[in-house]
Amino acid sequence: MRLAVTGAGAVGRSVVELAGEYGHEVVAVADSSSAVVADAGLDPEALVTRKAEAGVVGDGDPGDALAADYDVLVEATPTTLGDAEPGFSHVRTALERDRHAVLANKGPVAERYADLRALARDGDGDVRFEATVGGAIPAISTVEDVEPGHVTAVRGVLNGTANFILTRMAAEGLDYDHVLAEAQDLGVAEADPSFDVDGTDAALKCVILANVLSFGAADDPADAREFTLDDADVEGIRDVPGSALRLAAEDGRTVRLIGEATGGTVRVAPRLVPENGTLAVSGTQNIVQIETSHAGRLNISGLGAGGPETASAVLSDVGRLG
Amino acid sequence: MSDAPDGAPEDPEGADEADPAVDGGHDPGSSTHTVRLELVDEPGQLLAALQPIADNGGNLLSIYHERGNKTPRGRIPVEVDFEATADRFEVIVGALRDEGIAVMQAGTERYAEELTLLLVGHLIDTDLSDTLSRIEADASTSVADVSLAAPQGTAEASSARLRLEARTGETADALETVRGIAEEKGLRVVAPLAGVET
């Protein structure tokens, strides 16, 4: 497949670097201010070097990449809420040209799922977004394999930063502020950690799962309930004191930021779970637990973030387009 | 009457009646009850737990003391079978609770389910004792155990771990009761993941 990549952050760059290993070639890349188009395929090393040294990917206008001759658009710009722009327009451009779109950007899938589905229905291109939930974990494709109509709930630990903080607080008996500073030093938490610690990121992933369940189970997409972040009941971990984790540990339990999606509700909150239970993954690990009607409970854990990990989910999606 | 334990009260319905112990509760006379208790691992606790049963007309049948099988909090589970009328059974369970004994299960219906949750916030300033009384006031819920951690006194948020007992099928109601009180007092509830704990 010929790929165009919008977004040259950690995920976009990793897609460019790894595409060749998966048998694909990258013909265009855009970041927020520039683009490079190479019909014969571009040199990943040169692109990554230029981005690192000059802060741009090429001399072209970002729109050039969207107009290039590609089979699949990989949308990897930063997640935005509300109208989910500019990511949504990038995907629309691709779908209106009957090209496929693979998203690592959560915004359009969480905030404008019905619009996205309608665009895909009107054209020949397909939309996939495995990388938006749980990084390397094949959460969406597993739900699709089991069939959304036979999945009663999906829950799990879907934010590595929040999980790292809770794990460290429990293990070291430290308070939130102390562990957050440590996580920032290690690069596990951003300078502004709100998106992760307030539960927004986990909630977006659960909203995406709720949309997959809802639209997947409906006979007619027009009847499916659409979920956005506004439909999610979200609590973060900022005001969980160290003493709460100590009390939990005395009783063989711990606290994890758990997201849950069913066909009807989305909820993210710190929850008490058994200390040695399946959901109590450590550090930056994620876990997705799928509750099925006939196949019991499926658990998949793994790395929920990181450039190459998330890029592998993107490239798996490209492979599924066939 | 030949299989009645020594000292059992006379069965007013006679020996040819079906054994009321099997379904328990409907017979106006004595029937067999089972209570499951959790005792602190200290000398004299077992005797203290049996006294309210004997004092209130319960006829002890058997005691199963699982000394080698402690709960995560270091308590010892004890199962006690005794005969009592339905009225006396209620009195006995009340007397056990009054003695501060954790009654995990009484009979087959009441308080068969347990729910552990955390409350976080200014627990002391918002009158923890009032919070607990109001949870207790809910008909379906009983507070079995409370642990408080307030490392900074009242200056910072404190935490409490509550073990609630709820009637079968009513844990969701119990949780809603706690959430309502917590919301009113500006506290946060860290709820267990229902149905997932194994």
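Notes on the structure follow. Residue positions within a chain follow its written sequence, with the count starting from 1. The naming scheme follows written order: chains are lettered A onward, ligands numbered 1 onward. Residue-level local features of this predicted model are given only where pLDDT is at least 70; pairs of side-chain atoms are given and counted only at 80 or more, and the full residue set underlies all totals for whole chains, interfaces and linings. Side-chain measures here rest on the full set of heavy atoms in the structure, leaving out hydrogens and waters.

Each helix and strand counted, chain A has 13 helices and 12 strands in total. Relative to the compact-globule value of 20 Å for 322 residues, chain A shows a C-alpha radius of gyration of 20 Å, a close match. Over its C-alpha atoms, taken along the principal directions, chain A stretches across nearly 60 × 50 × 35 Å. Only protein chains enter the calculation, and the probe is 1.4 Å; a residue is then buried if its accessible area is under 20% of its type maximum, exposed if over 50%, and partly exposed in between. The buried share of chain A, taken over its 322 residues, is 56%. Across chain A, contacts joining residues at least 24 apart in sequence account for 68% of those joining residues at least 6 apart. Counting only carbon and sulfur atoms, one obtains 45% of the accessible surface of chain A, whose full area is about 12200 Å². Charge assignment: positive for Lys and Arg, negative for Asp and Glu; neither His nor the chain ends contribute. In plain terms, the charge of a residue is placed at NZ if it is Lys, CZ if Arg, CG if Asp and CD if Glu. Of the side-chain charges in chain A, 24 are positive and 53 negative, and the distance between the mean point of each set is 3 Å. Helix and strand labels come from DSSP, where a helix needs a run of H or I of at least four residues and a strand needs a run of E of at least two; each type is numbered from the N terminus. Each radius of gyration is computed over the set of C-alpha atoms, and the globule rule expresses the reference value as 2.2 Å times the number of residues to the power 0.38. The contact definition used throughout considers only heavy atoms, calling two residues in contact when any of these lie within 4.5 Å. Each accessible area is a Shrake-Rupley result for a 1.4 Å probe, and residues are judged covered by the shown protein chains and nothing else.

Moving on, we get to the interface of chain A and chain B. The interface of chain A with chain B comprises 25 residues on the first partner and 26 residues on the second. Summed over both partners, the interface of chain A with chain B buries about 2100 Å², with 54% contributed by carbon and sulfur atoms. Simply put, the buried area is the total loss of 1.4 Å probe accessible area from both parts when two parts are fitted together. Three residues stand out in chain A for area buried against chain B, namely Leu247(A), Asp251(A) and Leu272(A), and they jointly supply 29% of the buried area on that side. Whenever Lys or Arg places a side-chain nitrogen within 4 Å of a carboxyl oxygen from Asp or Glu, that contact is recorded as a salt bridge. Put simply, Glu250(A) and Arg161(B) hold a salt bridge, and the shortest N to O gap is 3.5 Å. Counting of polar contacts relies on pairs of N or O atoms within 3.5 Å, with two restrictions inside protein: one atom must be capable of donating a hydrogen and the other of accepting it, and residues adjacent in sequence are counted only when both atoms are side-chain atoms. Put simply, chain A and chain B have 11 residue pairs in polar contact (both at pLDDT 80 or more) between them. Mapped by element, the contributors of at least two residues to the side of chain A that touches chain B are helix H12 (242-250), strand E9 (253-261) and strand E10 (266-274) of chain A.

Turning our attention to helix H2 (residues 44-54) of chain A. All names here are of chain A. Considered for burial, the residues of H2 that qualify are Leu 47, Val 48 and Lys 51. Seen along its axis, H2 keeps its buried residues to an arc of 95°; they face one direction. Those residues of H2 that are exposed and angled more than 90 degrees off the buried face are Glu 45, Glu 53 and Ala 54. Against helix H1 (10-18), strand E2 (25-30) and strand E3 (35-37) lie the buried residues of H2. The backbone nitrogen of Glu 45 lies 3.2 Å from a side-chain oxygen of the residue at the head of H2, namely Asp 43. One or two positions beyond H2, positive phi appears at Gly 55, with a value near 80°. Comment: arc refers to directions from the helix axis out to C-beta atoms.

Scanning the model with the defined rule gives 33 salt bridges over all chains in all. Residues Asp317(A) and Arg128(A) are paired through a salt bridge, measuring 3.2 Å at the closest nitrogen-oxygen approach. Here Arg128(A) lies in strand E6 (residues 127-128) and Asp317(A) lies in helix H13 (residues 307-321), a separation of 189 residues in the sequence. The exposure classification of Asp317(A) matches that of Arg128(A), with both residues buried. The partner of Asp239(A) in a salt bridge is Arg188(B), and the shortest N-O contact between them spans 2.1 Å. Here Asp239(A), found in the loop between strand E8 (232-234) and H12, pairs with Arg188(B), found in strand E8 (residues 188-190), and the two come from separate chains. A relative accessible area of 17% means that Arg188(B) is categorised as buried. Linked through salt bridges whose partners overlap, the residues forming this network are Arg2(A), Glu25(A), Asp39(A), Asp69(A) and Arg99(A).

In short, the description is geometric, and any link to function would need to be established separately.
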